[in-house]
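Notes for the structure review
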Amino acid sequence: QISIAHGSEAANSFFEHPLREFDSVRRAVTELMAIMPPMVGACAMMSATLGAHLQDEYNIPAVIVVGDLKIQGKKIFDYKKPIPFDSDGTPNLKKWSGHCWVGIDEWIIDVSIFRTAYLLGAQSVLGRFVVENFGEKRGALLASHGELASKEMEYIPRAVLRGRQINNLVSGFGYMVEKNLKNSE
């Protein structure tokens, strides 16, 4: 999927660049989360923004992935179709049912999963699972596929986002941050 979306050179870079800059990733995640309040449905905008920031500022070959999320065999997010964009390029995330995260080598970085789980609460499968397996008041998920499989949490990639899709999601993120800043004044 990476070579289809970005070409074989990008795919080789992704697989040949093991994540070693954990401090850079943590710094970027912390910066991102500080400016965006928790909300359900922000995974695509937050992941696109984080991935672009990691590539631009730290030269880390991050890939923005969309797909399904299964917990204990149950689909929590079900990717049925690509993220719809309105005619002006604005992402229409209310009409989308998948999940989005950042991939680097074997690592998954999910900046929204804990926020979503805590907002949904313990009555949801996701909320209950996150609290039982990761605890409360966690920031972002940074884990390998293997670590998550042992917890029965499976990220299933369906597609990789590209240029215009990423740019439009980053613009949407900027709009949301600006809107939240105006509302807090």
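Check the entry above for the structure.
In this report, the structure presented in the accompanying data block is examined. Note that the structure is a prediction, hence the values are computed from the model and not measured.

Rules behind the numbers
- Residues numbered from 1 in each chain as written.
- Predicted model: local features only at pLDDT ≥ 70, side-chain atom pairs only at ≥ 80, totals over all residues.
- Heavy atoms only, no water.
- Helix = DSSP H or I, 4+ residues; strand = E, 2+ residues; numbered from the N terminus.
- Expected span 1.5 Å × (residues − 1).
- Buried < 20%, exposed > 50% of the residue type's maximum accessible area, 1.4 Å probe, protein only.
- Arc of directions from axis to C-beta.
- Salt bridge = Lys/Arg side-chain N within 4 Å of Asp/Glu carboxyl O.
- Phe/Tyr/Trp six-rings, centres within 6.5 Å; stacked < 30°, edge-to-face > 60°.
- Pairing = 2+ DSSP bridges.
- Core = buried A, V, L, I, M, F, W, Y, C linked by side-chain atoms within 4.5 Å.
- Contact = heavy atoms within 4.5 Å.
- Disulfide = S-S within 2.5 Å.
- 1 Å grid on protein atoms, 1.4 Å probe; cavity = no way out; pocket = protein on both sides within 12 Å on 5 of 7 lines; lining within 4 Å.
- Points joined across faces, edges and corners; volume = space filled by probe spheres on them.
- Nonpolar A, V, L, I, M, F, W, Y, C, P; charged D, E, K, R; others polar.

Time to look at helix α3 (residues 22-35). Here α3 is 14 residues long and its end C-alpha atoms lie 20 Å apart, about the 20 Å a rise of 1.5 Å per residue gives. Of the residues making up α3, those classed as buried are Ser-24, Val-25, Ala-28, Val-29, Leu-32 and Met-33. In a view along the axis of α3, the buried residues occupy a sector of 155°, so they form one face of it. Away from the buried face of α3 by more than 90 degrees, exposed residues Asp-23, Thr-30 and Ala-34 are located.

Turning next to the pattern of salt bridges. Pairing of side chains with opposite charge becomes possible as their charged atoms draw close. Here the structure, examined in full by the defined rule, presents five salt bridges. With a closest N to O distance of 2.5 Å, Arg-158 and Asp-68 form a salt bridge. Of this pair, Arg-158 sits in strand β6 (residues 153-160) while Asp-68 sits in strand β1 (residues 63-71), and the two are 90 residues apart along the sequence. Its relative accessible area of 0% is what places Asp-68 among the buried residues. Linking Lys-80 and Asp-78 is a salt bridge whose minimum nitrogen-to-oxygen distance equals 4.0 Å. Accessibility expressed as a relative area gives 65% for Lys-80, which makes it exposed.

This part covers the packing of aromatic side chains. Enumeration over the complete set of coordinates arrives at five aromatic pairs. Their ring planes at 80° and their centres at 6.3 Å tell us that Tyr-79 and Trp-96 sit as a pair that is edge-to-face. Here Trp-96 lies in the loop between β2 (74-77) and β3 (99-104) and Tyr-79 lies in the loop between β2 and β3, a separation of 17 residues in the sequence. You can call Trp-96 buried: its relative accessible area is 12%.

For a regular strand, the rule is simple: side chains alternate between the two faces of the sheet. Within β1, eight of the nine residues are buried, which leaves the element mostly enclosed by the surrounding structure. Bridge count for β1 against β3 is five bridges, and the pairing is antiparallel. Bridging across to β3, Gly-67 finds its partner in His-99. Here seven bridges tie β1 to β6, and the two strands are oriented antiparallel to one another. By the bridge assignment for β6, Val-65 is matched with Val-160. The sheet contact formed by β1 and β2 spans three bridges and is antiparallel.

What follows concerns the nonpolar core. The tendency in soluble globular proteins is for nonpolar side chains to be buried as a group. Ranked by size, the top nonpolar core spans 35 residues in total, and within it Leu-50, Leu-54, Trp-96 and Ile-109 carry the most contacts. At the level of elements, α3, α4 (43-58), β1, β3 and α8 (163-184) are the ones that each hand at least two residues to this core. Ranked by residues supplied to this core, first place goes to α4 with eight residues. Dropping the residues within four chain positions of it, Trp-96 is found in contact with Cys-43, Ala-44, Val-66, Tyr-79, Lys-81, Pro-82, Ile-83 and Pro-84. Val-63, Phe-77, Ile-113 and Phe-129 belong to the second-largest nonpolar core, a separate cluster that totals 20 residues.

The subject of this paragraph is helix α5 (residues 113-120). Here α5 has its buried residues at Ile-113, Phe-114, Arg-115, Thr-116 and Ala-117. Within two residues after α5, Gly-121 carries a phi angle of roughly 85°, on the positive side.

Below, the discussion takes up the state of the cysteines. Under the defined criterion, the tally for this structure stands at zero disulfides. Not engaged in a disulfide, the cysteine Cys-43 finds its nearest cysteine sulfur in Cys-100; these two sulfurs lie 5.5 Å apart.

Considering only enclosed or pocket space, the largest pocket measures out at about 390 Å³ in volume. Taken together, 17 residues make up the lining of the largest pocket; nearest its centre are Met-45, Thr-90, Pro-91, Leu-93 and Met-176. Among the elements that make up the lining of the largest pocket, the one with the highest residue count is α8 (five residues). Classifying every residue of the lining of the largest pocket by side-chain character gives eight nonpolar, seven polar and two charged. Around the second largest pocket, the lining is made up of 15 residues, and of these Arg-26, Arg-138, Ala-140, Leu-141 and Leu-142 lie nearest the centre.

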